[in-house]
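What follows is each chain in one-letter form.
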Amino acid sequence: MQTYLKSLNQALKDLLRNNKDVYLLGEDIIDPYGGAFKVTKGLSTDFPNRVFPTPISEAAIVGIATGMAMRGLKPIIEIMFGDFIMLAADQIINHAAKFNKMYSGKVKVPLVIRTPMGGGRGYGPTHSQSLEKFFLGVPGLSVVSPSHFHNPGNILKYAVLEDNNPVLFIENKRLYATNLLVKDKFPIKISNEINSNSYPIIIARNYEDEKITPDIILITYGGMSLLIENIMEKMFNEEIRILAILPSLLSKFPIKIMKQIIEGCENVLIIEEGTEGFNWGAEIESLFYENFGNNYLKIRRVAAIATVIPAARHLENVVLPSVESIEHTILEVLS
Amino acid sequence: MNQFNNDNKKLLLKFYRQMFLIRLVEEKILESFKRGLLSGTTHSSIGQEACAVGVINALNLNKDIIFSNHRGHGHFLAYCEDIVGLFSEIMGKEIGVCQGIGGSQHLYKNNFYTNGIQGGIVPCATGMAFAEKIKKTEAIVVVFLGDGTLGQGVVYESLNIGALWSLPILFVVENNHYAQSTPTYLQHAGNLIDRAAAFEIKRKELNVEDVMDVYKLAKNAISYIVEQCKPYFLLLNTYRFAPHSKGDDYRDIKEISKYKAKDPLQRLRNKININLILKIENDIQNKVNNAFNRAMKAPKKDYLCFLKEF
Amino acid sequence: MAYLQRIPLVNPNDDLDCITEWLRSEDEYVKKGDTIAIIETSKAIVEIEAEHDGYLILLHKEGENVKVGQIFAIIKDSKEEDIREVLNEVTQEIKINVKENINKKESIKRSTKKAEILAKRYGVNINEIASKGLIREKDIISLVQKESKLNTEDLVEDMYPGNFTKRILILGGGRGATLVIDTIFRKRDFKIVGILDDNPNLFGRKIFGYPIQGPIDQVLEMWKKKLFDQLIISISSDLLKRAQIYKTYKKYSIPFANVIDPNVSIHSNVTIGEGNFIMSFCRIGPCSIIGSNNFFSAYVNIDHHNVVKDSSTFGPGLFTSSRVHIGDCVKFGTGVFIEPGVRVGENSVIASGSILTNNIAPKSIVKSIINYKVRKIDNIV
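Rules used in this analysis
Residues numbered from 1 in each chain as written. Chains lettered and ligands numbered in written order. Predicted model: local features only at pLDDT ≥ 70, side-chain atom pairs only at ≥ 80, totals over all residues. Helix = DSSP H or I, 4+ residues; strand = E, 2+ residues; numbered from the N terminus. Buried ≥ 20, exposed ≤ 12 C-beta atoms within 10 Å, placed from the backbone. Contact = placed C-beta atoms within 7 Å. Pairing = 2+ DSSP bridges. Axes fitted to C-alpha atoms, helices over the stretch in contact; angles between N-to-C directions. Nonpolar A, V, L, I, M, F, W, Y, C, P; charged D, E, K, R; others polar. Parallel < 35°, antiparallel > 145°, perpendicular 65-115°, else oblique. Left-handed = near helix turned anticlockwise from the far one by under 90°. Core = buried A, V, L, I, M, F, W, Y, C linked by C-beta atoms within 7 Å. pLDDT = per-residue confidence, 0-100.

J.: Help me out: how do you make sense of the overall build of chain B in this one?
T.: When helices and strands are tallied, chain B shows 12 helices and nine strands. Split into buried and exposed, the 310 residues of chain B put 49% on the buried side. Long-range contacts, defined here as pairs at least 24 residues apart, represent 75% of the contacts in chain B between residues at least 6 apart.

J.: How do you make sense of the overall build of chain C when you look at a structure like this?
T.: Counting its secondary structure elements, chain C contains six helices and 31 strands. The proportion of buried residues among the 381 residues of chain C is 30%. In chain C, the share of contacts with a sequence separation of at least 24, taken over all contacts with a separation of at least 6, comes to 36%.

J.: Would you mind going over the sheet that holds strand β9 (residues 166-171) of chain C with me for this structure?
T.: The pairing of strands in a sheet happens through backbone hydrogen bonds and is either parallel or antiparallel. Residue and element names in this part refer to chain C. Ordered by their spatial adjacency, five strands build an open sheet running β11-β12-β10-β9-β13, and the pairing between neighbours is mixed. The sheet is open, and its two edges are formed by β11 (206-207) and β13 (230-233), each paired on a single side. Inspection of the sheet shows β11 paired to strand β12 (residues 210-214) by two bridges, in the antiparallel sense. Residue pairing across strands places I207 opposite Y210, the latter belonging to β12.

J.: In this structure, what is going on with the sheet that holds strand β5 (residues 142-144) of chain A? I would like to understand it.
T.: Residue and element names in this part refer to chain A. If you walk across this open sheet you meet the six strands as β2-β1-β3-β4-β6-β5, and the pairing is parallel. Of all the strands in the sheet, the pair left with one neighbour each is β2 (51-53) and β5. Across the sheet, the mean angle separating the axes of adjacent strands is 20° when strand polarity is ignored. Pairing between strand β1 (residues 22-26) and β2: three bridges, direction parallel. Looking at the pairing, G26 lines up with P53 of β2. Where helix α3 (residues 58-70) meets the sheet, it contacts β1, β3 (74-78) and β4 (112-117), and its direction lies at approximately 165° from that of β3.

J.: Would you mind showing me how to read the interface of chain C and chain A here?
T.: Accessible area lost upon the coming together of the parts serves often as the stated size of an interface. The partner chain A presents 10 residues to the 10 residues of chain C that form the contact. Element by element, the count of residues in the side of chain C that touches chain A is highest for helix α2 (residues 113-122) of chain C, at five residues. Taken together, the residues of the side of chain C that touches chain A break down into three nonpolar, one polar and six charged.

J.: What should I look at first to understand the packing of helix α5 (residues 121-135) of chain B against helix α6 (residues 153-164) of chain B in this one?
T.: Axes are the key here: two packed helices are described by the angle between their axes and the distance separating the axes. Residues and elements named next belong to chain B. Contact geometry of α5 with α6 gives a least axis separation of 8 Å together with a crossing angle of 20°. Viewed along their axes, α5 and α6 adopt a mutual orientation that is roughly parallel. Crossing of α5 over α6 shows left-handed handedness. Listed contacts from α6 to V122, P123 and T126 of α5 are V154, V155, E157, S158, I161 and G162.

J.: What exactly am I supposed to notice about the environment of S286 of chain A here?
T.: Residue and element names in this part refer to chain A. Inspection of the secondary structure assignment puts S286 in helix α9 (residues 280-292). Since 12 C-beta atoms lie within 10 Å of it, S286 is described here as exposed. On a C-alpha basis, the gap between S286 and I299 in space is 9.7 Å, while along the polypeptide they are 13 residues apart.

J.: How do you make sense of the interface of chain A and chain B when you look at a structure like this?
T.: Taken together, the 26 residues of chain A in the interface contact 26 residues of chain B. Here the side of chain A that touches chain B takes nine residues from α3 of chain A, the largest share from any one element. The residue inventory of the side of chain A that touches chain B, partitioned by class, reads 11 nonpolar, 11 polar and four charged.

J.: Quick question: what am I supposed to make of unusual backbone geometry here?
T.: Across residues other than glycine, the phi torsion is negative in most instances, and most of the peptide bonds are trans. All names here are of chain A. Going from D31 to P32, the amide bond is cis rather than trans, its omega being 5°. The topology assignment puts P32 in the loop between β1 and α2 (43-46). With omega at 0°, the peptide bond leading from F186 into P187 counts as cis. Following the sequence through the fold, P187 ends up in the loop between β6 (167-172) and β7 (189-194). Within the chain, F278 stands out as a residue other than glycine whose phi angle is a positive 55°. Turning to its location among the elements, F278 is positioned in the loop between β11 (267-275) and α9.

J.: Looking at this structure, I do not really get the pairing of β12 of chain C. What am I missing?
T.: Along any regular strand the residues' side chains alternate between the sheet's two faces. Residue and element names in this part refer to chain C. Pairing geometry for strand β10 (residues 190-196) and β12, over two bridges, is parallel. Paired with I195 across the bridge in β12 is I212. Taking the residues between adjacent antiparallel strands as the criterion, β11 and β12 are bridged by two residues, where F208 takes a positive phi near 50°.

J.: Mind showing me how you'd approach the nonpolar core here?
T.: Where a protein is soluble and globular, its nonpolar side chains tend to be buried together. By size, the foremost hydrophobic cluster in this structure holds 191 residues, and its most contacted members are V144 of chain A together with V143, L170 and L234 of chain B. When sequence neighbours within four positions are dropped, the list of residues in contact with V144 of chain A reads I155, A159, V167, L168, F169, I170, Y199, S248, L249 and L250 of chain A. Core analysis: the second largest hydrophobic core is formed by 54 residues, L169, I235, C282 and F295 of chain C among them.

J.: Where do I start with the confidence of the model for chain B in this structure?
T.: Overall, the prediction assigns chain B a mean pLDDT of 93, with 99% of residues at 70 or greater. Of all the helices and strands in chain B, helix α12 (residues 303-309) of chain B carries the lowest mean pLDDT, 83, while α5 of chain B carries the highest, 97.

J.: What exactly am I supposed to notice about the confidence of the model for chain C here?
T.: Predicted coordinates in regions of low pLDDT should not be interpreted in detail. All names here are of chain C. The predicted model of chain C averages 84 in pLDDT, with 86% of residues at 70 or higher. Scored below 50 in pLDDT, residues 150-162 shows two contacts in the model against residues more than four places distant or in partner chains. In the model output, the complex is listed with pTM 0.68 alongside ipTM 0.87.

J.: Explain the environment of I270 of chain A here, please?
T.: Here I270 of chain A lies in strand β11. Leave out the neighbours within four places in its chain, and I270 of chain A touches I219, G281, I284, E285, I299 and R301 of chain A.

J.: For this particular structure, what's the right way to read the packing of helix α2 (residues 49-56) of chain B against helix α8 (residues 211-228) of chain B?
T.: Residues and elements named next belong to chain B. Put simply, α2 and α8 touch, their axes get as near as 7 Å, and they point 40° apart. For the crossing formed where α2 meets α8, the hand is right-handed. Between α2 and α8, the residues in contact are A50, C51, V53, G54 and V55 and V211, V214, Y215 and A218, respectively. Here the residues of the contact of α2 with α8 are counted per class, giving eight nonpolar, one polar and no charged.

Written as structure tokens, this is what we have:
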């Protein structure tokens, strides 16, 4: 059984070993510390000329990596906390994401920025956010966020080696220590994987017969998979059939494929850890209505309340989506 | 001695050619804007030609990399003399260096890049230097900044890392004493050259009056960078004769005249035989006119193709 | 002195940990730093060390879940020390924790949430359902279905007076029934109440969920009980049986339905009788007259100004031309082509692949020349 963290660590090791152009940059990533969340532990020891610790200069780090990528290398940089990504926003949006199209396709920027987002640890308002929503809709930027239903290491490898766009690779703090849900774990059945060769979309059900229409469809990504696993087990006991769709690529959503998956079920719940309003869920919901607009579609979104994420644990639980809030919304939709 | 004189002479002729070319192209562009033939924005380097020509001729153009800024036409022409490509790009034509998509501020050709965000190019350029060091190509990177750019935090982050990691990068600050409309004394505390001192980066300052001075200084800087694999900071005190972009000039006319009297282009002109000068100027004039006409006649990029490709 | 040892916080997300093993026993002397127990957190197995020297008192059994921060052991300086008072305080604290945990546990479930949702949706009072165990989804559904079986007619009439979906009874439980039910699914213009067939082996078996309820003569009983509105005969191979059943029940004036696929093209001025089954992609051209109780397979073209009488069956891919006249009880194979003006006499059998160019007398068998071998292939190059 592999944890999310181990999968990433192993993938970085494989990437460094098998590709001489891969370089790692980030704050505090070298041994013995091995990174704030230990994702890069052991790598600077094994590959001393390929892993570089940097000063606290998020903007410069991203810019430097952009320059390296433009000159043919494959840099992977770590931003210690997702909250700090804003310091590099100009470099990501006005430089890395634009060079390829601005220079009429003649220059590639195969850059990967890894960062953990998410709360649930009581770290407070500036160390618990999920800010990926602000980078959605930036042309030329891939935003990726694997859950523990996915294999994050494989997805990271794809992002580094195959995706020629700059990639914002969103990890989740709560998922690091979680074991990957590799195969079926009763009552959850992982029935298929769409786009398994690139950025997979996982379809999971908490009931046996695939031909039966589910009662409700949950669409979510990243760290919310922990809650989804919990919910699916709970709802199994309540006989509520859930079909969960977990994409790993956030910046594009293949709405047409969804048609045959959601056939017959009109209840959809979109869940994300970012704040409510103008978010990923809004786009998915619009896509559903625009493509399958009918009077029976009942779509709801669950997201964090639009306020700062409190440090006090009991308050944090109320602001962020929880098993209780999701369950409540499911029952509301179905009644 | 003769050989040296000959080489020197050849160089001076080349410098004059390029400086005159830049001057003419920039004037043509401004004139075309006035006549309503062009749209968008432009930032001309009239008066600063010596910086571009002096520095870029000191490079190994087969492999060295240049990252320039919004005021990059002079650097571009000194690098590759692609007059048609430049005019077409500004006119939004398909044969423009970026098919019209980048425009005046966003140029790319071979190892020449520009972007329009002040300071944002500096970490990119630093990263490119890092890549070249890793790949052991012995290429260096030149990044052109303005004096105003030294207000941007990311510049200092890059100076720090450039020095810390010993990167082969030449920071050239073209101090034309104004950041858009704001004079330097309202922008910066301390001395501009001392900024490099803070990171112990080798540095030199020059008042640009003679393009040869710029060239020699650049040559020194570049050999230092290639030998030591360390950064270098070059502060060129210069002046622009034209507005920041177009029509936005509130500077004192007397001040502008004072600098115009010391125009490095005129100074070089006076050093060369007048017949050679006239021949060069005629030649360049024709080239520029032809290029302009060719660019005018060229087709725009088909918007359907654009949508498909992008 | 008695030292209280508490479960340490290992993972910020944990509330309860499990004592998996005691490594020392009750009253054993331990030194500070000795491992005394192993606890299991949500993420890892952790060893607990003694925080003082002394004699160990164990407060919980192996396998018990203990709250983080809770006292789980006491270390006392001397063996004889009286720690009853301390134990009392500790027990009080544990009692409070236990109470909290019990309150946290859900009150015993009566029904699944799904059952509650369905009960609300169908207007069933879930509290009135007597049950031994958990009330589940299937319990609600069967209750609803049972209720609907009893009161279907009244319910339908109350909701839609005058114009409601006709209840159809299918005669014949072979493959024909499958075709009829499939066509009804595609158009949804009938409510299927059941299937009858004379083969007793089929009783109780289901086609697409509909049961075969008994022999065909059960029709009369069901008609008396008003259990259906119209009949359709799905038998296609035995023409005589088909015609006979039709004649029998017409005597009682029981209406037969036309079951026609939604993509069938019926052109202008066409008359159709009753009891016809027309499958997909058929065409009935203008000014044609179709009788009753005919079975049309897919892709049959009855062109304009044709007359088809009763109880004939048509295989797939049959094409008539203009002014063709087909008598009663004619059986057609597949791929038959009929030229204009041809009259096909009643009770005939026309084999597959026939091209009819002349009139056919009644009771004829028409065969076509097919499967003609030209020669054997000698060498395969």
